[in-house]
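For reference, the chains in residue letters:
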Amino acid sequence: MKKLVIVLNLVCMFALGSFAQSMYGDAAKADVKMKYVYSFEEALKRAKEEHKLIFFNCFADWAIPCHSMNKLVFSDQEFADWMDKHFVNFFIDVTSREGRPLAEKYRIRFQAHYLVLDENGQIVHRIVGGYQIPEFKAILEKALNPKTSFAGMNKRYEAGERSVKFLSDYADILSVADQDGEVYAKIIEELFNKLKKKEWSKKEYWKFFTRQLKSVNDEMFKYMVENKADFVKSNGAEKVDRIIAGLYFQEIYPYASGKKAYDGEELLNIYLDMQKAGITENHHVYPLYEIARYRGEGQFDKMMDVFEHKLDSLPEQTLVALDLTLPEIKELDKKEQERVVTYLKQRAETSGAKKFYLAAINDMVNTDGIKFEESSFEEALKKAKDQGKLLFMDCYTTWCGPCKMMSNQVFKQKFIGDFFNQNLVSLKMDMEKGEGIDLQKKFDVNAFPTMFLLNGDGNIIYKILGGRDPRAFMEAIQRGMKQSTPYYILKSKYETGDRSVKLMADYFQTMSDAGELKNVDGEVKSYLATLKVPESYSVSAWTLYDNFVNHVSDAEFKFLVNNRKEFAKQVGDSAVDKKIERVIFPVVIDYLKGAVSKESMDQVWKLVNSAQFSPEYSLTLLHKIISMYDKKEYDKMLDFYEKTVTSNQDAKVRLNLDVILHRLVKNSSSEQKARAIAYAKKSMENAKPGAQGSYKALIEALSE
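Think of each chain on its own: its residues are numbered from 1, step by step along the sequence as written. Owing to the predicted nature of the model, reporting of local features is limited to residues with pLDDT of at least 70; listing and counting of side-chain atom pairs is limited to 80 or more, with chain, interface and lining totals taken over all residues. Values shown for side chains rest on all heavy atoms present in the structure; no hydrogens or waters enter the calculation.

A. Looking closely at the state of the cysteines. Disulfides are defined in this document as cysteine sulfur pairs within 2.5 Å. In total, this model carries one disulfide according to the counting rule given. Residue Cys58 stays outside any disulfide, its sulfur separated by 8.7 Å from that of Cys66, the closest cysteine. Accessibility here uses a 1.4 Å probe with only protein chains present; expressed as a share of the type maximum, an area under 20% marks a residue as buried, one over 50% as exposed, and anything in between as partly exposed. On the basis of relative accessible area, Cys58 is assigned to the buried category, the value being 0%. As a non-bridged cysteine, Cys395 has Cys403 as the owner of its nearest cysteine sulfur, 9.3 Å distant.

B. Summary view of the pairing of strand β5 (residues 123-128). A large share of β5 lies buried, amounting to five of its six residues. Whether two strands pair depends on DSSP finding at least two bridges between them. A run of H or I in DSSP counts as a helix once it spans at least four residues, and a run of E counts as a strand once it spans at least two, with each numbered from the N terminus. Alignment of strand β4 (residues 113-117) against β5, held across five bridges, turns out to be antiparallel. Directly across from Tyr114, in β5, lies its bridge partner Ile127. Here β4 folds back onto β5, and the loop between the two strands holds five residues, one of which, Gly121, carries a positive phi near 85 degrees.

C. Main features of the pattern of salt bridges. For salt bridges, the criterion is a side-chain nitrogen of Lys or Arg within 4 Å of an Asp or Glu carboxyl oxygen. Applying the stated rule across the entire model yields 39 salt bridges. The salt bridge involving Arg156 is made with Glu161; its shortest N-O contact spans 2.6 Å. Residue Arg156 is classed as partly exposed on the basis of its relative accessible area of 23%. In this structure Glu161 comes out as partly exposed when scored by relative accessible area, which is 30%. The residue Lys491 makes a salt bridge to Glu516 at a minimum N-O spacing of 3.0 Å. With a gap of 25 residues between them, Lys491 in helix α25 (residues 487-495) and Glu516 in the loop between α26 (501-513) and α27 (520-528) connect regions that are remote in the sequence. The exposure class assigned to Lys491 is partly exposed, which follows from its relative accessible area of 28%.

D. Local environment of a negative patch on the surface. On the surface, a cluster of negative charge is contributed by Asp263, Glu265, Glu266 and Asp273. With respect to the helices, strands and loops of the structure, Asp263 is situated in the loop between α13 (237-256) and α14 (264-276). Like-charged residues are merged into a patch within 9 Å and nonpolar side chains (Val, Leu, Ile, Met, Phe, Trp, Tyr) within 5 Å, provided each residue has over 30% relative accessible area and no salt bridge. Note on areas: these come from Shrake-Rupley sampling with a 1.4 Å probe, and a residue is covered only by the protein chains present in the view. Counted charges follow a simple rule, with Lys and Arg positive, Asp and Glu negative, and His plus the chain ends left uncounted. Charge coordinates come from a single atom per side chain, which is NZ of Lys, CZ of Arg, CG of Asp or CD of Glu.

E. Layout of the sheet that holds strand β7 (residues 424-430). With respect to topology, four strands assemble into an open sheet ordered β7-β6-β8-β9, the strand pairing being mixed. The open sheet has two edge strands with one neighbour each: β7 and β9 (460-465). With strand direction ignored, the average angle separating the axes of adjacent strands in the sheet is 20 degrees. Sheet topology places strand β8 (residues 450-454) next to β9; five bridges connect them, and they run antiparallel. Bridging from a neighbouring strand, Thr450 pairs with Leu465 of β9. Against the sheet, helix α22 (residues 414-423) contacts β6 (390-396) and β7, and its axis sits at roughly 105 degrees relative to β7. In this analysis an axis means a line fitted to C-alpha atoms, helices contributing only their contacting stretch, and an angle means the value between N-to-C directions, from 0 to 180 degrees. In this analysis, two residues are considered to be in contact whenever any of their non-hydrogen atoms come within 4.5 Å of each other.

F. Inspection of the sheet that holds strand β3 (residues 87-93) at higher detail. On the basis of which strands lie adjacent, the open sheet formed by five strands has the order β1-β3-β2-β4-β5 and mixed pairing. Only two strands of the sheet have a single neighbouring strand rather than two, namely β1 (36-37) and β5. Where strand β2 (residues 53-59) lies against β3, seven bridges are found, and the strand directions are parallel. What sits directly across from Cys58, in β3, is Ile92. The strands that helix α4 (residues 77-86) touches are β2 and β3; relative to β3, the one it contacts most, it runs at about 110 degrees.

G. Region of the structure containing the pairing of β7. The element β7 is largely enclosed, with a buried count of six among its seven residues. Two strands pair when backbone bridges link them, and β6 and β7 are joined in this way by seven bridges, in the parallel orientation. What sits directly across from Asp394, in β7, is Lys428.

H. Just the packing of aromatic side chains, in detail. Under the pairing criterion, centres of Phe, Tyr and Trp rings, with the six-membered ring standing for Trp, must be within 6.5 Å; the plane angle then separates stacked pairs below 30 degrees from edge-to-face pairs above 60, leaving the rest tilted. Throughout the structure, instances matching the rule amount to 56 aromatic pairs. Summarising the aromatic geometry, the rings of Phe40 and Phe90 are spaced 5.7 Å apart at their centres and angled 45 degrees between planes, so their arrangement reads as tilted. Residue Phe40 is located in helix α2 (residues 40-50), and its partner Phe90 is located in strand β3; the two are separated by 50 residues in the primary sequence. You can call Phe40 buried: its relative accessible area is 15%. By relative accessible area, which is 0% here, Phe90 ends up buried. The ring of Phe372 has Lys428 sitting right over it, with the charged end atom 5.2 Å from the ring centre. In our convention, an over-ring charge means Lys NZ or Arg CZ found within 6 Å of a ring centre and within 35 degrees of that ring's normal. Above the plane of the ring of Phe415 lies Arg471, whose end atom (NZ or CZ) is 4.3 Å from the centre.

I. Molecular detail of helix α37 (residues 670-686). Helix length check: α37 (17 residues) gives 25 Å between terminal C-alpha atoms against 24 Å at 1.5 Å per residue, within 8%. Among the residues making up α37, those that are buried are Gln672, Ala676, Ile677, Tyr679, Ala680, Ser683 and Met684. With its buried residues spanning 165 degrees around the axis, α37 presents them on a single face. Exposed and oriented more than 90 degrees from the buried face of α37 are Glu671, Lys682, Glu685 and Asn686. If you follow the buried residues of α37, they end up packed against α34 (634-643), α35 (651-658), α36 (661-664) and α38 (692-703). The span one expects for a helix is its residue count, reduced by one, times 1.5 Å. This arc is built from the directions going out from the helix axis to the C-beta atoms.

J. Region of interest: the nonpolar core. Take the buried Ala, Val, Leu, Ile, Met, Phe, Trp, Tyr and Cys residues and link them wherever side-chain atoms come within 4.5 Å; each set so joined is a nonpolar core. Ranked by size, the top nonpolar core spans 99 residues in total, and within it Phe377, Met393, Phe508, Phe557, Tyr641 and Leu664 carry the most contacts. Considering each element in turn, this core owes the most residues, ten residues, to helix α31 (residues 573-593). When neighbours within four sequence positions are excluded, Phe508 is seen to be in contact with Leu517, Val520, Glu523, Val524, Tyr527, Leu544 and Phe548. Counting residues in hydrophobic clusters, the runner-up holds 72 residues, among them Ile173, Ile270, Met304 and Val341.

K. α38, seen in detail. Here α38 contains twelve residues, and its C-alpha end-to-end distance of 17 Å stays within 8% of the 16 Å for a straight helix at 1.5 Å per residue. Within α38, the full set of buried residues consists of Tyr695, Leu698, Ile699, Leu702 and Ser703. Down the axis of α38, the buried set is contained in an arc of 130 degrees. They therefore lie on one face.

L. Summary view of the packing of helix α16 (residues 300-309) against helix α18 (residues 334-350). Across the interface, α16 lies against α18 with an axial gap of 11 Å and an inter-helix angle of 5 degrees. Classified by the interaxial angle, the pair formed by α16 and α18 is roughly parallel. The segment α16 lies against α18, with Phe300, Asp301, Met304, Asp305, Phe307 and Glu308 engaging Glu336, Arg339, Val340 and Tyr343. Side-chain classes are defined by residue name, with Ala, Val, Leu, Ile, Met, Phe, Trp, Tyr, Cys and Pro counting as nonpolar, Asp, Glu, Lys and Arg as charged, and the others, Gly among them, as polar. Its residues placed into classes, the contact of α16 with α18 shows five nonpolar, no polar and five charged. Under this scheme an angle from 65 to 115 degrees is roughly perpendicular, one under 35 degrees roughly parallel, and one over 145 degrees roughly antiparallel; angles in between are oblique.

M. View of the packing of helix α12 (residues 228-235) against α13. Where α12 contacts α13, the axes come no closer than 7 Å and their chain directions differ by 130 degrees. As judged from the angle between their axes, α12 and α13 are oblique. Residues Lys228, Phe231, Val232 and Asn235 of α12 form the contact with α13, whose own contacting residues are Ala237, Lys239, Val240, Asp241 and Ile244. Classifying every residue of the contact of α12 with α13 by side-chain character gives five nonpolar, one polar and three charged.

N. Region of the structure containing the side chain of Arg347. On the secondary structure map, Arg347 appears in helix α18. Look at Arg347 and you get buried, because its relative accessible area is 10%. With sequence-adjacent residues up to four places away left out, Arg347 is seen in contact with Glu316, Leu319, Val320, Asp323 and Tyr357.

What follows is the structure, encoded as structure tokens:
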């Protein structure tokens, strides 16, 4: 069943008929023949009187697919007569004031969108997307039959029907209704469990079979390749080759785009498998293979030759994405960078993604990130010493994926560049080239990326192992710059037997960032067990609890909660309460997901209650909310949100409690969900700009 193909330069001419004004203007009206009613109440009334189902055109004037359906489907007189005979036809713009409540009730998220409703307004059938008349009429005929409608098929499945034909028909219905999620996947799995392997190649199962294929390592994919002749006989060589090549394309693309570390043997194996699978040499998966190979081998000129001359058959969207990975290659000399810029400029003039190309070019020419020295290690170290700064040294290799991620996504951040360029001297050093080979031995670099903060004498002040997101990276850098005892001194003192709580608080964090403790959490807990009062409640001990005690079941966490007042004397109530919240809140999320049992959750609340928190504390409020959730007291819970949560003075507390609302009302009634949406919208109006995105996501989740 093919979805309607829309040609944009033609469809922009299509619009509503005489029953409504279009944003595209009167001159673009389509001659719609449908006899619509424009009131939902009237549609329900007529449906009861005429004993018909309601066809609901969930129109949106901004959506080109809706106008296309008007022009190509609803303007056909024969089809319109058939619709009038079988349905009460109801039309409303779901983006209008009158239409929005219906859009929320029936979860209208995509256009084009059509519903078939019974006389009580219950969904009988859902159709997402545009279709041509024969397919659209066939779908609606299924809606007219109680056994083949969306609602009817759901009932049949719930009643235990599981024949191969039923499962196949049910999957079709779910696909039309845009229900390609867990339910669809479950139905397809049941279908193929019933089929014999020799039936997999049949034409009637092709669309389901292909949706099951995720990678070349799938057993179903291997079976298709081994029995390709059977699949070709049933479905045609073009379809089969397109699927096979597409999955190999999926395997090669991460290498070609630099997202995956180069593996020459793996790429060669993929090439041989493509040959074995009979993918012809003229397919665009082969130029992609060449790019992956040349990029990984560092053969820049050969790679660019492929970009410039062999990618004409590549889909434009894929080519744009691939092009935009070129600026991420940091091992280019000036001449090579100029060639990339020239290529991107040419592509910008012929592509619809011009602004993205220009942004990439600007990123190459003008960088706001870290300014790395183009000098030797000794020259960079001397510069740092002369300026009274630390030297930041990034130890990387060209094949290291996390190294590329740091270079492309972290070091280029403006806020990081601003800090580094003012406070540090920075140097990148390839550990497999030039003096990097000796530096790797000198600093005992065994994994990549490894990053150092060095003082002017070349001593290690701090060491960071592995890639991190921008914020986590900056936090580690600032920890290293602020720490009173440098890495090399900490290590020396520890090796000579110093186990004071102050030193150990620094030692564990430093060695954790350096990647030199295999089980840092376990070692911290063992160390905490040796402490005695008053060291148990000291600021240094608190640092260890704060950084390394992160599981609600840990005995150390229970100790922290039960002795929160003692810790609060050292670091303040706020710090302790926020730490406890950070540990418990994720447990509640897991409970709402079904990953934590009721018994386990009750033990957590018992621990919370023993600490005697204030009535306004987030966990105190959360406990009350979960108690109502457990009892399915949804209206009472929403009352609590509207009266108590919304009046809490702490904006972060309000946000933390609000963002879980979609999980709390998941099994509530549609009216209660509508109430939750109204609450979320009102909360968003009063929220600070930084919280707007969270509330938008909440509203979307509540509307699903």
